[in-house]
Amino acid sequence: MSKTWRPATQLVHGGTLRSQYGETSEAIYLTQGFVYETSEAAEARFKGETEGFIYARYGSPTNDMFEKRMCMLEGAEDARATASGMAAVTAAILCQLKSGDHIVAARALFGSCRWVVETLAPKYGIDCTLIDGRDLANWEKAITPKTKVFFLESPTNPTLEVIDIAGVAKLANQIGAKVVVDNVFATPLFQKPLELGAHIVVYSATKHIDGQGRCLGGVVLSDKEWIDENLHDYFRHTGPAMSPFNAWTLLKGIETLPLRVRQQTENAAKIADFLAEQGKVAKVIYPGRKDHPQADIIAKQMTGGSTLVAFELKGGKDAAFALQNALEIIKISNNLGDSKSLITHPATTTHKNLTDEARAELGISPGTVRLSVGIEDTDDLIEDFAKALAKVSA
């Protein structure tokens, strides 16, 4: 496969393996195990002396195609596909840490990601410091002699804050720490964390990569040395492997990723501008707008906006619920990155387990709403919002 291929071509042809039958669509290898011609061949494969598959928990031809295609898109040397996005996040963090180590994490995280670093990791003797990741000085102040990992989302869930990945990576390199970036909101099309200096990138492939509400999946990408030394054994022995059927589904989804994300982003930008003009909306946060608080960083590290829009209604929770309940096309769901437009109220769904104070720190108010924009007609979506807003009390 040519390294000069552009993303749209990579995502259709990259990493494809064909059987002796020459199938057009990638094959699904629904098998747990593999057969060896001789005992000597089995021994050689287990020793790593010959290439080949051993057990589906370790890898399969279908998963291998998905991993290779993601590597081409991300610019990574190696990857491991996982059963879900949270399996990818947990594996990427825990596989490289031991008791006594320290994580510095941006506090603006998806609820489950925050639970992993703030609640799960300390159970194994791994300390964590949560900071306001927008200020590089906070990362530097949080460093201890035991700091091994920096973890962040950018843009963040749900308030679309943007963190200076290159700046964080520079600090990490000074102390030999690794930067793990959850790149879901930017997608691999609009932001390349590895090119910005990050060491590990994780995705919930459930989101834009599938993008059609069909299956769960995740992926961890990095250089081959890091995966061999840290993730390889963790992955083999703890078993967060992706189903080959899901890998096949994701391969089909990824073929149309550029088309879907382009339309979703165009829709999101227009909807963000529409919402910003509405009297019942207190504020709109969108990475494509000039009034975004980190517009200068966005210009440096992102090549597009986002499929997500965050906005706050002046009427608080009652207004947010009234708006969501009045929408017809846009559906209430905590998923995102789907071809269907989806809306959720973070304070009562994705971030409900945080305290009121923690949500306030993140900028999640009772009136905050997160919108994941789909591929529907833009005018239909705007009309849907206009009709629903008319039913919201001033």
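Everything that follows concerns the structure shown earlier in this document.
These figures come from a predicted structure and were not determined experimentally.

Enquirer: Any chance you could explain the overall build of the protein here in plain terms?
Expert: The secondary structure content of the protein amounts to 16 helices and 12 strands. Computed over the C-alpha atoms, the radius of gyration of the protein is 21 Å, within 12% of the 21 Å expected from 2.2 N^0.38 for a compact globule of 394 residues. Expressed along its principal axes, the backbone C-alpha trace of the protein runs to roughly 75 × 55 × 35 Å. Taken over 394 residues, the protein has a buried fraction of 56%. By element, 51% of the accessible surface of the protein is carried by carbon and sulfur atoms, the whole surface being about 17,100 Å². Charge-centre separation for the protein: the mean point of 42 positive side chains lies 2 Å from the mean point of 48 negative side chains.

Enquirer: I'm lost on the sheet that holds strand β12 (residues 368-372) in this one. Help?
Expert: Where strands meet in a sheet, backbone hydrogen bonds hold them as pairs that are either parallel or antiparallel. Spatially, the 5 strands line up as an open sheet ordered β8-β9-β12-β11-β10, and their pairing is mixed. Because the sheet does not close on itself, it has two edges, and the strands there are β8 (281-285) and β10 (331-332).

Enquirer: Hey, could you run me through the packing of aromatic side chains in this one?
Expert: For any pair of aromatic rings, the description consists of the separation of the ring centres together with the inter-plane angle of the planes. Scanning the model with the defined rule gives 6 aromatic pairs in all. Geometrically, the ring pair formed by Tyr 36 and Phe 46 is edge-to-face, given 6.4 Å between the ring centres and 65° between the ring planes. With a gap of 10 residues between them, Tyr 36 in the loop between α1 (7-13) and α2 (39-47) and Phe 46 in helix α2 connect regions that are remote in the sequence. What makes Phe 46 exposed here is its relative accessible area of 53%. Stacked on the ring of Tyr 58, the Lys or Arg Arg 236 has its end atom at 3.9 Å from the ring centre.

Enquirer: Is there a simple way to think about the packing of helix α11 (residues 244-255) against helix α12 (residues 257-276) in this case?
Expert: Between two packed helices, what matters for the description is the angle formed by their axes and the separation of those axes. Two elements in contact, α11 and α12, have axes separated by 5 Å at closest approach and are oriented at 55°. Comparing the axis directions of α11 and α12 gives the class oblique. Mapping the contact onto sequence places Gly 253, Ile 254 and Glu 255 in α11 and Leu 257, Pro 258 and Arg 260 in α12. Of the residues that constitute the contact of α11 with α12, the class distribution is 3 nonpolar, 1 polar and 2 charged.

Enquirer: What exactly am I supposed to notice about a negative patch on the surface here?
Expert: On the surface, Asp 377, Asp 379, Asp 380 and Glu 383 cluster together into a patch of negative charge. Mapped onto the elements of the fold, Asp 377 is located in the loop between β12 and α16 (378-390). Taking the relative accessible area as the measure of exposure, Asp 377 reaches 43% and is therefore partly exposed.

Enquirer: Which parts of the structure should I look at to understand the pairing of β12?
Expert: On any regular strand, side chains alternate: one points to one face of the sheet, the next to the other face. Burial within β12 is extensive, with 5 of its 5 residues counted as buried. Burial along β12 is two-sided: the residues Thr 368, Arg 370 and Ser 372 and Val 369 and Leu 371 are all buried. When strand β9 (residues 308-313) meets β12, the two strands line up antiparallel, connected through 5 bridges. Pairing of Ala 310 across the sheet is with Arg 370, part of β12. The pairing of strand β11 (residues 342-344) with β12 spans 3 bridges and is antiparallel. Bridge assignment links Ile 343 to a residue of β12, and that residue is Leu 371.

Enquirer: I'm lost on the pairing of β9 in this one. Help?
Expert: With 6 of its 6 residues buried, β9 lies for the most part within the structure. Residues Leu 308, Ala 310 and Glu 312 line one face of β9 and the alternating positions Val 309, Phe 311 and Leu 313 line the opposite face, and both faces are buried. As paired elements, β8 and β9 share 4 bridges and run antiparallel to each other. For Ile 285, the partnering residue across the bridge sits in β9 and is Ala 310.

Enquirer: I tried to follow helix α7 (residues 165-175) on my own but got confused; where do I start?
Expert: An α-helical turn contains 3.6 residues, so any two residues separated by three or four positions project in the same direction. All of the buried residues in α7 are Ile 165, Gly 167, Val 168, Ala 169, Leu 171 and Ala 172. Against α6 (136-142), β4 (147-153), β5 (178-182) and α13 (295-301) lie the buried residues of α7. Capping the start of α7 is the job of one residue whose side-chain oxygen sits 3.4 Å from the backbone nitrogen of Ala 166: Asp 164.

Enquirer: Explain the side chain of Ser 339 here, please?
Expert: Structurally, Ser 339 can be placed in the loop between β10 and β11. Owing to a relative accessible area of 14%, Ser 339 belongs among the buried residues under this scheme. Other than its neighbours up to four places away in sequence, Ser 339 contacts Gly 211, Gln 212, Gln 264, Gly 374, Ile 375 and Glu 376.

Enquirer: What's the story with the nonpolar core in this structure? I'm lost.
Expert: Generally speaking, a soluble globular protein has its nonpolar side chains buried in company with each other. Counting residues in hydrophobic clusters, the biggest one holds 33 residues, and the most contacted among them are Phe 66, Met 70, Tyr 203, Ile 209 and Leu 221. The dominant element in this core, judged by the number of residues it contributes, is helix α3 (residues 61-74), at 5 residues.

Cut-off values and rules
Residues numbered from 1 in each chain as written. Predicted model: local features only at pLDDT ≥ 70, side-chain atom pairs only at ≥ 80, totals over all residues. Heavy atoms only, no water. Helix = DSSP H or I, 4+ residues; strand = E, 2+ residues; numbered from the N terminus. Rg over C-alpha atoms; globule rule 2.2 N^0.38 Å. Buried < 20%, exposed > 50% of the residue type's maximum accessible area, 1.4 Å probe, protein only. Areas by Shrake-Rupley, 256 points an atom, 1.4 Å probe, with all protein chains shown as cover. Lys, Arg positive; Asp, Glu negative; His and termini not counted. Charge placed at Lys NZ, Arg CZ, Asp CG, Glu CD. Pairing = 2+ DSSP bridges. Phe/Tyr/Trp six-rings, centres within 6.5 Å; stacked < 30°, edge-to-face > 60°. Lys NZ or Arg CZ within 6 Å of the ring centre and 35° of its normal. Axes fitted to C-alpha atoms, helices over the stretch in contact; angles between N-to-C directions. Parallel < 35°, antiparallel > 145°, perpendicular 65-115°, else oblique. Contact = heavy atoms within 4.5 Å. Nonpolar A, V, L, I, M, F, W, Y, C, P; charged D, E, K, R; others polar. Patch = residues over 30% accessible without salt bridge, like charges linked within 9 Å, V, L, I, M, F, W, Y side chains within 5 Å. Salt bridge = Lys/Arg side-chain N within 4 Å of Asp/Glu carboxyl O. Polar contact = N/O pair within 3.5 Å; in protein donor to acceptor, adjacent residues only side chain to side chain. Core = buried A, V, L, I, M, F, W, Y, C linked by side-chain atoms within 4.5 Å.

Note that every value here comes from positions in space, so none of it alone points to a role or purpose.
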